[in-house]
Amino acid sequence: MLDIEICVKNGTKTVWFVLPTSREEICSRLDIDDAQETFLIDSYTAPFTINETDNINRLNEIANLYEEHSGHEVIDYLPDLVKEGFYSDIKNALEEIDNIYIYHECNSMLDIAYQFIEETGLLSNIPDNVQRYFNYDAYARDMEIEGSFYFTGNDKALQIP
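Residues numbered from 1 in each chain as written. Predicted model: local features only at pLDDT ≥ 70, side-chain atom pairs only at ≥ 80, totals over all residues. Heavy atoms only, no water.

When you go through the protein chain residue by residue, the secondary structure sums to seven helices and six strands. Starting at the N terminus and ending at the C terminus, the protein chain contains elements arranged as β-β-α-β-α-α-α-β-α-α-α-β-β. Taken against the 2.2 N^0.38 rule, which gives 15 Å for 161 residues, the C-alpha radius of gyration of the protein chain at 22 Å runs more than 25% over that of a compact globule. With the C-alpha coordinates aligned to their principal axes, the bounding extent of the protein chain is approximately 80 × 25 × 20 Å. Scored against the burial criterion, the 161 residues of the protein chain give a buried share of 35%. When the 10 positive and 32 negative side-chain charges of the protein chain are each reduced to one mean point, those points stand 5 Å apart. (Helix = DSSP H or I, 4+ residues; strand = E, 2+ residues; numbered from the N terminus. Rg over C-alpha atoms; globule rule 2.2 N^0.38 Å. Buried < 20%, exposed > 50% of the residue type's maximum accessible area, 1.4 Å probe, protein only. Lys, Arg positive; Asp, Glu negative; His and termini not counted. Charge placed at Lys NZ, Arg CZ, Asp CG, Glu CD.)

See below:
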């Protein structure tokens, strides 16, 4: 997993920290009074956007969530899902990561419809000679209208609750 790092600036002194880190550690290494509420984040290394006045406690929570879900198949797509508006921020996306369904080898809504029908057995109680009349294209359109899907570009589609 990629370390989430921030560079905190105090006057002319800047120090890099790997998150999660404590406020005390930041204050100690930058020679700042412990009572200081905010820090100026000069730079960062993270798979998501960090603003210069983001709260350290919140960033630590996000770093912990990233570590907790580091092996999840969807983790690398979360910043894109935030950018596309599926989630309000990266923390929200991380909290919802287990609710995202992954369709493999899918590049279209039609692929998703076929896979969904196969996995759920939706047509399993319908005779074969009737199944062939099922309109997969219309079903795929309905799925697209009723759901939220994101195509990753590498044969995966994500269904966002």
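Picking up where we left off.
The next thing to look at is the sheet that holds strand β5 (residues 148-151). Spatial ordering of the open sheet is given by β4-β6-β5, a layout of three strands whose pairing is antiparallel. Both edges of this open sheet fall to β4 (101-104) and β5, since each of them pairs with a single strand only. On average, adjacent strands in this sheet sit at an angle of 25° to one another, irrespective of strand direction. Inspection of the sheet shows β4 paired to strand β6 (residues 156-160) by four bridges, in the antiparallel sense. Directly across from His104, in β6, lies its bridge partner Lys156. Helix α5 (residues 109-120) rests against β4, β5 and β6 of the sheet, and its axis sits at about 105° to β4. (Pairing = 2+ DSSP bridges. Axes fitted to C-alpha atoms, helices over the stretch in contact; angles between N-to-C directions. Contact = heavy atoms within 4.5 Å.)

What follows covers the pattern of salt bridges. Evaluated as defined, the whole model comprises six salt bridges. In this structure, the salt-bridge partner of Lys91 is Glu61, at a minimum N-O distance of 2.9 Å. Remark: Glu61 occurs in helix α2 (residues 56-68) and Lys91 occurs in helix α4 (residues 90-95); sequence separation between them is 30 residues. (Salt bridge = Lys/Arg side-chain N within 4 Å of Asp/Glu carboxyl O.)

The next thing to look at is the sheet that holds strand β1 (residues 5-10). Ordered by their spatial adjacency, three strands build an open sheet running β2-β1-β3, and the pairing between neighbours is antiparallel. Only two strands of the sheet have a single neighbouring strand rather than two, namely β2 (13-18) and β3 (40-45). For this sheet, the mean inter-axis angle between neighbouring strands, taken without regard to orientation, is 25°. In the sheet, β1 pairs with β2 via six bridges, with the strands oriented antiparallel. Each bridged residue has a counterpart across the sheet, and for Val8 the counterpart in β2 is Val15. Lying over the sheet, helix α1 (residues 23-30) contacts β1 and β2, oriented at roughly 150° with respect to β2.

What follows deals with the state of the cysteines. As enumerated under the stated definition, the model contains zero disulfides in all. Unpaired in this structure, Cys27 has its nearest cysteine sulfur neighbour in Cys7, at a distance of 15 Å. Relative accessible area serves as the criterion here: at 2%, Cys27 is assigned to the buried category. (Disulfide = S-S within 2.5 Å.)

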